[in-house]
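Each chain, written out:
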Amino acid sequence: MQNKLKELQTTALASISQTDSIKSLEELRIKYLGKKGELTAALSGLGNLSSTERPLIGKIGNEVKSAITAALDKRLAALENAELQKKLSADVIDITLPGRRIPAGRTHILTTVENEVRRIFSELGYTIAEGPEIEDDFHNFEALNMPENHPARDMQDSFYLDDGRLLRTHTSPVQVRVLEKGVLPVKVIVPGRVYRCDADVTHSPVFHQVEGLVVGEDVTFGDLKGTLEFFIKKMFGAERRVRFRNSFFPFTEPSAEVDVECFVCGGEGCPLCKSTGWIEILGSGSVDPAVFEAVRIDPEKYTGFAFGLGIERIAMLKYGVKDIRLFYASDLRFLRQF
Ligand code: DAH
């Protein structure tokens, strides 16, 4: 009987160790330790044994039972653990996978250039002024010293409304609107849309300008030069040379166009600067006394300067864009470059 019990233990432990499912392990528990199991069967003759043999065999029976129980528990724990690991590795979330891209919008290049202009002038203490895009003749032309027969008033150049008003052809009328308020001194820039009846690779019927106006009791042409030189060096690089060239605008006297040293050839001469080494960036000048008179400001007491620049022009020059229409075509291949 003793041998039979030992044998039972050996085969039970062997089959437990070979079991690889929790279900068949449970079957083994029933097979060996169940009420009708093999251990019970092996001990069935216990009652017939002598009183000296009985406790001995009983003790061995208990040892076999606890050995099998321990083996079953150990194996169960191992199988449960294996099952858990399997589940974990199957359910794994790979956080190294790239996420789905949500395409982000970006600032349009013209906005970027305009923001840069705004930023530079705000550094100098300028504030922003705005005016209407539908203007009247007085603000767009007359007060700016462009008399009735001035060529800029031509129907061919300007978009007129039926009532005689027009889409402003420049941001300069906002100079007049600011001065009309009569609050001096003034130091403003005016970014905005302007309209001209013109369309080719460098002209668009709608484009963007930034006007500047400074008026006070002792504003000089030297202030104008210093301001615009500061702006251009910030915008195009501190190493760029700047040149003021005599020019004419009806609303400034004297007037100057401002050139920056060509940033493609560095002044040597190339197709961009048409072999001159210089690129025209903006128009400017001292406010013409006629403009002050139109808004009832005393030109003996006040002086000032003004300037105007085109955002598209600056963007085209700075980024080598050859066709102005690309800015408005909404072609992402173009817009994404910036
Ligand atoms: N208004 C001019 C234009 O559209 C640009 C301009 C030139 C503005 C000289 C100014 C200035 O304020 O002083 O061509």
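You'll find the structure just up there.
Residues numbered from 1 in each chain as written. Predicted model: local features only at pLDDT ≥ 70, side-chain atom pairs only at ≥ 80, totals over all residues. Heavy atoms only, no water.

**Description of the site of the ligand**
- Around the ligand sit 15 residues in total, of which His-170, Ser-172, Arg-196, Gln-209 and Glu-211 are the nearest.
- Between His-170 and the ligand, the recorded distance is 3.0 Å, taken from a side-chain N or O atom to a nitrogen atom.
- Separating an oxygen atom of the ligand from a side-chain N or O atom of Arg-196 is a distance of 2.7 Å.
- Burial of the ligand by the surrounding chains reaches 88%, relative to a free accessible area of 360 Å².
- In terms of residue class, the shell around the ligand is built from four nonpolar, nine polar and two charged. (Near = heavy atom within 4 Å. Polar contact = N/O pair within 3.5 Å; in protein donor to acceptor, adjacent residues only side chain to side chain. Areas by Shrake-Rupley, 256 points an atom, 1.4 Å probe, with all protein chains shown as cover. Nonpolar A, V, L, I, M, F, W, Y, C, P; charged D, E, K, R; others polar.)

**Overview of the packing of aromatic side chains**
- A full pass over the atoms with the stated rule returns ten aromatic pairs.
- A ring pair is formed by Phe-327 and Tyr-328, whose centres lie 6.4 Å apart and whose planes are at 70°; its orientation type is edge-to-face.
- Of the residues examined, Phe-327 reaches a relative accessible area of 2% and is grouped as buried.
- Taking the centre distance of 5.2 Å and the plane angle of 75° together, the rings of Phe-334 and Phe-338 count as edge-to-face.
- Seen from the ring of Phe-244, Lys-225 lies directly overhead, with NZ or CZ sitting 5.3 Å from the centre. (Phe/Tyr/Trp six-rings, centres within 6.5 Å; stacked < 30°, edge-to-face > 60°. Buried < 20%, exposed > 50% of the residue type's maximum accessible area, 1.4 Å probe, protein only. Lys NZ or Arg CZ within 6 Å of the ring centre and 35° of its normal.)

**Remarks on the sheet that holds strand 6 (residues 242-249)**
- One open sheet holds the seven strands; their spatial order is 1-4-5-9-8-7-6, and the pairing between them is mixed. Each edge of the sheet is formed by a strand with only one pairing partner; in this case those strands are strand 1 (127-128) and strand 6.
- Taken together, the seven bridges between strand 6 and strand 7 (residues 252-261) define a ladder with antiparallel strand orientation. Looking across to strand 7, one finds that Ser-247 is bridged to Ser-255.
- Where helix 5 (residues 109-123) meets the sheet, it contacts strand 1, strand 4 (186-195), strand 5 (206-216) and strand 9 (303-310), and its direction lies at approximately 165° from that of strand 4.
- Helix 7 (residues 173-180) contacts strand 4, strand 5 and strand 9 of the sheet and is inclined by roughly 35° relative to strand 5. (Pairing = 2+ DSSP bridges. Helix = DSSP H or I, 4+ residues; strand = E, 2+ residues; numbered from the N terminus. Contact = heavy atoms within 4.5 Å. Axes fitted to C-alpha atoms, helices over the stretch in contact; angles between N-to-C directions.)

**Observations concerning the environment of Ile-102**
- Along the chain, Ile-102 falls in the loop between helix 4 (53-90) and helix 5.
- Overall, Ile-102 belongs to the exposed group, its relative accessible area being 76%.
- Taking the C-alpha atoms as reference points, Ile-102 and Glu-38, 64 residues apart in sequence, are found 67 Å from one another.

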